[in-house]
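Take a look at the letters that make up each chain.
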Amino acid sequence: MNHFDYRDGDLYAEDLPLSAIADAVGTPVYVYSRATLERHARVFRDALSILPRVHIAFAIKANPNLAVLNVMAREGLGADVVSGGELARALAAGMAAEDIVFSGVGKQHHEMIQGLEAGIGQFNLESEEEGIELAEIAAERGLVANCALRVNPDVDARTHAKISTGKAENKFGVPIDRACTIYSNLAALPGLKMRGVAVHIGSQLSELEPFEEAFAKVGALIAELRAAGQTVTHADLGGGLGVPYKAGDVFPTPEAYAQMVARATEGWDVTLMFEPGRVICGNAGVLLTRVVRVKRSSNQVPFVIVDAAMNDLARPAMYGAWHDFDAVAPTGEKMTAHIVGPICETGDTFAMDRECDALAPGDLAVFRTAGAYGATMASSYNSRGFIAEVMVDGDKWAVVADRIVPEAISAAERVPDFLKD
Ligand SMILES: *Cc1c(COP(=O)(O)O)cnc(C)c1O
C-alpha cells in the first residue's frame, strides 16, 4: 500500500499532483510520501507487537535523508547505522543514542570512538579482532560498550548474490560454529559487555524459510552460550524482508513475518531487535523523471530516453532490478520500449522490452518503489550532480535535499601548482 495514486488521470503523491513538483523543482527528483513512511513504520511495529520485548532500529542505509529519519524518530524507531556518517545523521534526526545499533564489518577506530562517546545502545561485532579493538578503546576511556556478536549462519537467503550476507563465503559475521568461543573470549574483556547475538542474512528476501532456518541456528547458539555460562539478553534478527517491485508480486506480510519470528524464538527470553530498511521506505518513494527523447530505428524496439540515469537510481544497473515505470499522465495507449538514461554506458538501462504507457518527449513518468536504496546509492558519474529529494505531506511539500549541481562538486577539486606552469 502506498499513497501514489491516479486522480482524474494524473499521478499524485498524497494530495499533490506530481506534475506540480516537476514544475517547481525540475526533474529528475525523488519524491517521498510521509503518510506512506508512517504507515509502514506502524504496520511493522504493530505486527511485532505479538512479541514480548521488541526494539526496532530503522536501517538508515536504505534511506538516510534527514526528513525521512525524522519521520522514523517520531514513530519511535531507533537506527541501525553502518558508518560514522550514518551515526551522526541518526543523532541529528533526534534518535536517542541508546536506540542506535552500530553494524558493519569494517568499523574504523574513529567510528568506534564516535559511537562510544555518543553512548550508543549496541555495537554489533563482526569479528573477534573488532571486539578486541573496541574493548581497548572503551577501557582506555573507562567506558563499557554493549555488544552483540554477529554470526554468519551459512544460510542461503535466496536473494540477489550482491545482497546476500549470510552464506559462509560472505564477509559478514563470525562462523556460527566458532561463535560460542569468540563470545566467551570477548565477554572476558574489560570494556565490553557481551549481551547478545545478531544475524542478518540479506536483503529483499521473498520467502520466510531462510529467516526461519537462520533463527533456528541462532536459537541453538543462545542455548549453547547459556550452557557455557554466558549471559544473553538480546537477539538482533536484522532486516531483510522484501517488498514487491512488480505490480502483482506477492511478498510475505509483516504479520506473517512476525508469526514466523514468534514461532522461531519461542522461549528465548530476550529482547528481540529488528533492523528493517526496505520494507519501511521502499514503496514510500518514487523517482520522477521526464522523457528527453524517444529514439526509433526501423523495426526495432524504441528507446525511451529519460533524464534519470543509473547514477540517480543504481538498482537496475547494479542488481538487474525491476522498477515499475508509469506515465504521470497516461493517455491509455501502451508501447513496448527499452527505458534508458543518458549515461554513456549500456548498463544505464532501467528496463528492456518493457510494456509501458505510451510516452513522448517532455512527458513525465515515475520509477516506483524507489524510496529504498535510491538516492542513498547515487553517484555523480558523468558529472551529473545529485538530484533533489522532496517530501509530500497531504497537499504540502518541501524540498528535503537540495539538488547538488555539477559545479558544486567540481568546486571541491583543485588543479595542483605543478600542473600550472
Ligand atoms: C542492509 C542491512 C539491513 C537492512 O536491510 P533491508 O533489506 O533494507 O531490511 C539491516 N541490517 C543490516 C546489518 C544491514 O546491513
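Residues numbered from 1 in each chain as written. Predicted model: local features only at pLDDT ≥ 70, side-chain atom pairs only at ≥ 80, totals over all residues. Heavy atoms only, no water.

1. Concerning the overall build of the chain
Phase 1 of the analysis: Along the backbone of the chain there are twelve helices and 21 strands.
Phase 2 of the analysis: Relative to the globule expectation of 22 Å for 421 residues, the C-alpha radius of gyration of the chain, 23 Å, shows essentially globular dimensions.
Phase 3 of the analysis: When the backbone C-alpha atoms are referred to their principal axes, the chain occupies close to 70 × 65 × 40 Å.
Phase 4 of the analysis: Buried positions account for 54% of the 421 residues belonging to the chain.
Phase 5 of the analysis: Across the chain, the mean location of the 37 positive side-chain charges is 1 Å away from that of the 56 negative side-chain charges. (Helix = DSSP H or I, 4+ residues; strand = E, 2+ residues; numbered from the N terminus. Rg over C-alpha atoms; globule rule 2.2 N^0.38 Å. Buried < 20%, exposed > 50% of the residue type's maximum accessible area, 1.4 Å probe, protein only. Lys, Arg positive; Asp, Glu negative; His and termini not counted. Charge placed at Lys NZ, Arg CZ, Asp CG, Glu CD.)

2. Remarks on the pairing of strand β14 (residues 285-295)
On any regular strand, side chains alternate: one points to one face of the sheet, the next to the other face.
Phase 1 of the analysis: In terms of strand pairing, strand β4 (residues 29-33) meets β14 through four bridges, oriented antiparallel. Along β14, the bridge assignment pairs valine 29 with leucine 288.
Phase 2 of the analysis: With four bridges connecting them, β14 and strand β15 (residues 303-306) associate as antiparallel partners. Among the inter-strand pairings, lysine 295 is bridged to a residue of β15, identified as phenylalanine 303. (Pairing = 2+ DSSP bridges.)

3. Focus: the pattern of salt bridges
Phase 1 of the analysis: One pass over the structure, following the stated rule, counts 18 salt bridges.
Phase 2 of the analysis: Between aspartate 393 and arginine 34 there is a salt bridge, and its shortest N-O distance comes to 3.0 Å. Placement of the pair is aspartate 393 in strand β20 (residues 388-393) and arginine 34 in helix α2 (residues 34-48), with a sequence separation of 359 residues.
Phase 3 of the analysis: Overall, arginine 34 belongs to the partly exposed group, its relative accessible area being 22%.
Phase 4 of the analysis: In this structure, arginine 158 and glutamate 207 form a salt bridge, with 2.7 Å as the shortest nitrogen-oxygen distance. On the criterion of sequence distance, the pair formed by arginine 158 in the loop between β9 (145-152) and β10 (174-175) and glutamate 207 in the loop between β11 (192-198) and α8 (209-227) is long-range, its members being 49 residues apart. (Salt bridge = Lys/Arg side-chain N within 4 Å of Asp/Glu carboxyl O.)

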